[in-house]
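# Residue-level structure breakdown
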Amino acid sequence: MSTDYNFSEIERKWQKFWAENGTYKVTEDSGKPKFYVLDMFPYPSGAGLHVGHPLGYIASDIYSRYKRLQGFNVLHPMGFDAFGLPAEQYAVQTGRHPALTTDENIARYKSQLNRIGFSYDWTREIRTSDPAYYKWTQWAFLKMFGSWYDNTLGKARPIEELEAHFASEGTSDVNAACSREMSFSAAEWNSMTEKEHADVLMNYRIAYLGETSVNWCPALGTVLANDEVKEGLSVRGGYPVIQKKMQQWQLRVSAYAERLLGDLDTLDWSDSLKEMQRNWIGRSEGAEMIFKVENGDRTYDVTIFTTRADTVFGVTFMVLAPESEWVDRLTAPQMRSQVDEYLASAARKTERERMAQTRQVTGVFTGSYAVNPLTGQKIPVWISEYVLAGYGTGAIMAVPAHDSRDYAFARHFNLPIIPLIEGCDVSQESFDAKDGVMCNSGFLNGMTVKEAIPAAIAKVEEMGIGRRKVNYRLRDAIFSRQRYWGEPFPIYYKDGVAVPMEMSDLPLCLPEIDKYQPTESGEPPLARARNWEYNGWPIEKSTMPGFAGSSAYYLRYMDPCNDKALVDRRKDEYWRNVDLYVGGTEHATGHLIYSRFWNKFLYDLGYVCEPEPFRKLVNQGMIQGRSNFVYRIKGTNTFVSYNLKDQYDTTEIHVDVNIVHNDRLDLDAFRKWLPDFASAEFILEDGEYICGWAIEKMSKSMFNVVNPDNVCDTYGADTLRLYEMFLGPIEQSKPWDTKGIDGVHRFLRKFWRLFYDKDGAVFTDVKATSAELKVLHNLIRKVSSDIEHFSMNTSVSAFMIAVNELSEIKCRSREILEPMVILLSPFAPHICEELWNRLGHDDSVSNASYPEYVESYTVENTFEYPVSFNGKMRFKMELDLGLSPKEVEAAVLASPNTEKYLGGKPVRKVIVVPSKIINVVF
RNA sequence: GCUCGAGUGGUGGAAUAGGUAGACACGCAGGACUUAAAAUCCUGUGGACAGCAAUGUCCGUACGGGUUCGAUUCCCGUCUCGAGCACCA
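Residues numbered from 1 in each chain as written. Chains lettered and ligands numbered in written order. Predicted model: local features only at pLDDT ≥ 70, side-chain atom pairs only at ≥ 80, totals over all residues. Heavy atoms only, no water.

## A word on the pairing of strand β10 (residues 284-295)
The side chains of a regular strand alternate, residue by residue, between the two faces of the sheet. Threshold: Any two strands with at least two DSSP bridges between them are considered paired. Note on conventions: DSSP H or I runs of at least 4 residues are helices, E runs of at least 2 residues are strands, and numbering of each starts at the N terminus.
Note that β10 and strand β16 (residues 466-471) share 6 bridges and pair antiparallel. Paired with Ser284 across the two strands is Asn471, which belongs to β16. Two elements, β10 and strand β11 (residues 298-306), share 9 bridges in a ladder whose sense is antiparallel. Across the sheet, residue Lys292 finds its bridge partner in β11, namely Asp301. The antiparallel hairpin formed by β10 and β11 contains 2 residues in its connecting segment, where Gly296 sits at a positive phi of about 65°. By the bridge criterion, 3 bridges tie β10 to strand β13 (residues 364-371) in an arrangement that is antiparallel.

## Overview of the sheet that holds strand β2 (residues 73-75)
Operational definition: Only the stretch in contact is used when a helix axis is fitted, and all axes are lines through C-alpha atoms; the angle between N-to-C directions ranges over 0 to 180 degrees.
In space, the 4 strands of this open sheet follow the order β2-β1-β22-β23, with parallel pairing throughout. Single-partner strands in this sheet number two, and they are β2 and β23 (614-619). Here the average twist between neighbouring strands, direction ignored, is 20°. Here 5 bridges tie strand β22 (residues 578-583) to β23, and the two strands are oriented parallel to one another.

## A short note on the nonpolar core
We count it as follows: Remark: nonpolar core denotes a set of buried residues (Ala, Val, Leu, Ile, Met, Phe, Trp, Tyr, Cys) joined through side-chain atoms within 4.5 Å. The cut-offs for exposure are 20% and 50% of the maximum accessible area for each residue type, with area from a 1.4 Å probe on protein chains only; residues under the lower value are buried, those over the upper are exposed, and the others partly exposed. Contacts are residue-level and defined by heavy atoms, with any inter-residue pair within 4.5 Å sufficient.
By size, the foremost hydrophobic cluster in this structure holds 183 residues, and its most contacted members are Trp249, Leu251, Phe479, Phe751, Phe755 and Phe827. Residue contributions to this core peak at 9 residues, all from helix α5 (residues 131-145). Beyond its immediate sequence surroundings of up to four residues, Phe751 is in contact with Val803, Met820, Val821, Leu824, Ile831, Cys832 and Leu835. One finds Val315, Val364, Val387 and Ile453 within the second-largest nonpolar core, a separate group that totals 54 residues.

## Side note on the environment of Asn804
In this fold, Asn804 is placed in helix α25 (residues 792-808). For Asn804, a relative accessible area of 35% gives the class partly exposed. In the structure, Asn804 is positioned 200 residues away from Asp604 in sequence and 56 Å away in space, judged by C-alpha atoms.

## Structural notes on the packing of helix α10 (residues 271-281) against helix α19 (residues 591-604)
For the record, the criterion: Each angle receives one of four descriptions, namely roughly parallel if under 35 degrees, roughly antiparallel if over 145, roughly perpendicular if within 65 to 115, and oblique otherwise. The classification used treats Ala, Val, Leu, Ile, Met, Phe, Trp, Tyr, Cys and Pro as nonpolar, Asp, Glu, Lys and Arg as charged, and all other residues, Gly among them, as polar.
Where α10 meets α19, the closest approach of the two axes is 11 Å, and the angle between their N-to-C directions is 75°. It follows that α10 is roughly perpendicular to α19 by the angle criterion. Taking contact as the criterion, the partners of Leu273, Gln277, Trp280 and Ile281 in α10 are, on α19, Leu592, Ile593 and Arg596. Per-class residue counts for the contact of α10 with α19 are 5 nonpolar, 1 polar and 1 charged.

## Let's talk about helix α26 (residues 814-824)
Here is the rule we go by: Pairs of N or O atoms are called polar contacts if they sit within 3.5 Å, as long as, within protein, a hydrogen donor faces a hydrogen acceptor (for residues adjacent in sequence, only side-chain-to-side-chain pairs).
Buried residues dominate α26, accounting for 9 of its 11 residues. Turning to α26, its buried residues number three or more, namely Ile816, Leu817, Glu818, Pro819, Met820, Val821, Ile822, Leu823 and Leu824. As for α26, its buried residues are in contact with α2 (54-69), α23 (741-753), α24 (770-788), α25 and α27 (829-838). You can read the cap of α26 off the contacts: a side-chain oxygen lies 3.1 Å from the backbone nitrogen of Glu815, and it is on Ser813.

## A look at the confidence of the model for chain A
We count it as follows: Confidence scores here are pLDDT values: one per residue, from the predictor, ranging 0 to 100.
Looking at chain A, the pLDDT average stands at 88 and 89% of residues meet or exceed 70. Considering only residues more than four positions removed or in separate chains, one finds that residues 866-876, a stretch of pLDDT under 50, has 41 contacts. This stretch, residues 908-922, has a pLDDT under 50; its non-local contacts, to residues over four places away or in other chains, come to 51 contacts.

## Re helix α12 (residues 336-348)
Applicable threshold: Any helix carries an expected span of 1.5 Å times its number of residues minus one. Comment: arc refers to directions from the helix axis out to C-beta atoms.
Taking 1.5 Å of rise per residue, the 13 residues of α12 would be expected to cover 18 Å, and the 18 Å separating its terminal C-alpha atoms lies within 8% of that figure. When we look at burial in α12, the residues that qualify are Val339, Tyr342 and Ala346. Buried residues along α12 cover an arc of 65° about the axis, so they all sit on one side. What points out from α12, more than 90 degrees from its buried face, is the exposed set Ser337, Glu341 and Arg348.

## Section: unusual backbone geometry
Looking along the chain, the bond that leaves Leu506 and enters Pro507 is cis, with omega of 0°. Structurally, the position occupied by Pro507 is in the loop between β19 (497-500) and β20 (533-534). Its identity as a non-glycine residue notwithstanding, Asn414 has a phi of 60°, on the positive side. According to the relative accessible area criterion, Asn414 is exposed, its value standing at 71%. The phi torsion at Asn440 lies on the positive side, around 55°, for a residue other than glycine. Tracing the chain through its elements places Asn440 in the loop between α14 (404-413) and α15 (449-463). Residue Asn440 is classed as partly exposed on the basis of its relative accessible area, which comes to 45%.

And the structure:
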């Protein structure tokens with residue numbers, strides 16, 4: 001048996017052993033407490049894993065292994081978010097089926113992941129593109145289609161219950177989340193046709209078909225994302241793009257806004273992430289108010305939303321969003337052509353352009369006038385892009401004196417500005433602060449803004465023209481994509497009415513098609529499928545978006561092979577929800593909102609037992625690339641070292657970081673790298689070629705992608721794991737920099753030498769000394785609390801200190817070394833498994849139990865007393881244990897610290913309290 | 001513009017309740033072992049000043065104030081960087 005630390009042999013051996021023995025397979029075990037550790041599953045891209053990807057996986061694996069050692073039954077699965085755009089675009093170009101490329105990419109990801117030694121239970125692997133998996137994505141969609149949201153009970157209910165209510169009582173007492181308010185009697189409902197019923201119910205369904213605005217490119221016949229459009233033209237082809245209203249499937253996420261916001265308080269997530277979700281949900285309290293608008297001889301009630309009901313006396317005009325449904329009815333005949341022209345120009349702009357032109361004032365007068373409900377004054381109604389159709393009611397009352405956007409608009413179109421707060425100056429800019437005393441405001445005069453807001457709301461409520469209202473920025477999620485590589489909708493159209501398929505017919509599998517681009521007539525790729533119909537009726541041709549499959553995947557891991565249910569009730573009740581979720585912040589307002597929504601929906605219907613999916617969440621930072629450069633003297637094939645480059649006229653060239661070590665270029669490897677450089681000459685400094693460097697995004701084109709496989713080849717997986725943790729705090733983004741990886745590798749070899757020197761094993765059964773026990777137990781305490789706090793970098797440091805100390809005192813005792821192996825095994829599982837085996841254990845170290853911390857070993861016969869003066873002042877001093885309070889007092893008074901910290905002030909009294917805090921009164 | 005977070009040696013970063021700032025590691029310098037190299041080990045390493053020396057004194061956690069016997073830590077203001085949102089009425 002080798003006495004060297006031969007990491008490649010050891011790692012291969014144990015990875016094989018774990019796979020063959022199913023070491024990390026878990027089953028539900030009611031005798032053990034559960035712990036569920038989850039990573040955000042990856043999209044398997046063609047480029048494979050780079051060293052940035054495993055950062056979070058390593059941290060969560062350490063945590064999983066740590067919890068397992070502590071006796072928890074740990075669920076730690078992995079799978080793949082396999083539907084997605086890159087595979088489809090590749091298919092469009094090459095004609096290869098996305099399923100093939102996806103399978104290849106997954107195989108590559110799995111082999112890369114397995115080299116790093118993760119403790120995944122691969123028997124629970126899921127893939128979102130697997131029909132057995134997406135059956136349950138489709139199932140959840142149909143459940144949403146078959147549900148409505150009851151605002152009174154605050155939960156989703158089956159749509160049949162709403163139908164029954166309509167049949168007996170119409171819309172009275174219905175408080176439902178809906179696209180637009182409806183009002184009808186039971187008799188009216190009962191006399192409607194089947195199609196009319198379907199239309200009404202669509203207004204209430206949680207998954208519903210509705211109109212929404214999209215970037216539409218008529219020439220390409222497809223919807224484009226905002227970043228695929230520049231200056232109103234498609235990036236590919238340069239065809240014009242317009243804003244178009246289209247029928248799209250949507251999820252009524254907005255119905256859950258209140259709960260998504262409120263339940264954030266129950267979660268152990270970072271404050272910044274919670275804040276992001278709060279901003280995204282965007283709760284704002286205000287009031288709805290009805291303004292009467294006259295157009296010719298007709299009068300309409302237009303509802304607006306405002307957070308500043310107090311400013312209603314300063315309303316000098318009204319503004320509608322260009323897409324508002326009121327625009328048509330409120331346009332006076334003489335203004336029709338100008339309004340149409342404005343609407344057309346607004347429609348030509350993309351969302352992106354609107355953002356870019358934020359401060360440009362545009363608008364058009366409708367020709368109609370509203371009446372200010374409190375002053376009775378007639379005010380003009382305008383249309384402008386700065387009012388958004390999707391927020392509030394798509395119509396506002398404009399108060400130029402106290403809103404900067406209204407102010408800019410009023411200045412531009414010369415509309416009156418009436419200040420409402422005493423002493424404010426609105427000659428240059430609006431006064432937006434909710435601060436001051438009201439004036440020019442009738443019955444509100446003399447009140448502060450804070451008093452005036454509720455008073456104004458009370459007044460309009462009394463007049464019957466308004467009410468308190470909470471608005472959210474959160475919009476319903478658009479759920480249709482005109483793509484191939486996604487879940488098909490289990491919906492067919494019977495005489496144009498959307499009808500759900502039978503649950504028993506799920507999954508509805510993605511059909512084979514011969515080409516992956518949209519059809520010539522502009523239909524989605526699925527229109528190419530033959531016989532894409534159900535009972536003779538056409539099936540929906542769009543597919544679901546990426547977030548569909550990733551919204552409930554954590555539930556499926558609990559019971560991945562169940563074909564009767566998404567998750568068996570008993571298994572769900574055992575695993576409940578994710579205790580620790582690790583992933584990037586980029587999902588803060590996407591996946592993490594959708595998942596919470598999806599989970600709450602299933603919770604409402606009783607399919608899952610927890611209202612929140614992810615209890616604790618840790619965001620790992622991104623690993624950036626560290627690019628290296630060489631400097632070629634212009635017009636030559638000679639390269640000059642970094643510190644000498646200023647003496648020449650050079651070109652900076654990216655060089656593959658894999659042939660650079662500690663910024664030193666491997667000259668031979670460089671000559672072999674590219675044919676151009678085969679005959680390269682070098683101007684060296686101190687015999688070496690030093691490269692320049694820069695921090696950039698890790699990408700192929702910068703030649704700064706570091707493949708974890710290479711690191712495993714050179715240093716081993718255990719070194720990679722430790723080094724990624726040692727790099728810095730998990731949450732922080734940082735560049736990958738191999739400087740320092742040698743130090744970590746050195747540590748592992750040093751650890752190995754505690755067990756083996758060149759002559760063989762050195763560990764013995766000798767009893768541990770108190771100095772050795774102190775090192776061990778200090779380490780147990782430090783490492784445990786660091787892992788709990790997810791401070792993996794400092795725990796690696798603690799290991800280094802402990803191993804240094806143990807080698808210095810020449811520790812040989814198994815009594816110390818065995819627990820050391822267990823402690824380190826979450827971080828460096830391969831070396832620890834090998835040493836554990838060599839120490840004579842047959843079982844895997846992952847089945848060992850975590851060593852228990854014994855305080856008395858670490859304190860020996862002295863103890864640190866924090867000393868507090870006057871309850872405020874404290875310092876640390878070492879005192880012998882077992883002193884009486886009198887002796888402690890004497891020691892404190894005699895301590896040089898006392899003199900130092902008090903600066904010569906007399907100490908009157910020392911009080912020793914049971915908590916080992918000493919109060920010194922002076 | 002709004003919201004949140006962060007600024008510490010040559011570098012990555014420690015300091016868990018306000019109590020010796022710079023742990024640990026890299027890098028660098030010097031040394032031991034070696035014919036040599038690799039590997040390993042040891043010593044030094046924030047700055048300034050004084051001293052042959054052990055050592056001592058002062059300054060130092062972006063900047064300016066404040067609270068405190070004492071501030072990297074708490075408070076106010078300024079600057080810089082990062083992240084997110086961005087006409088949300």
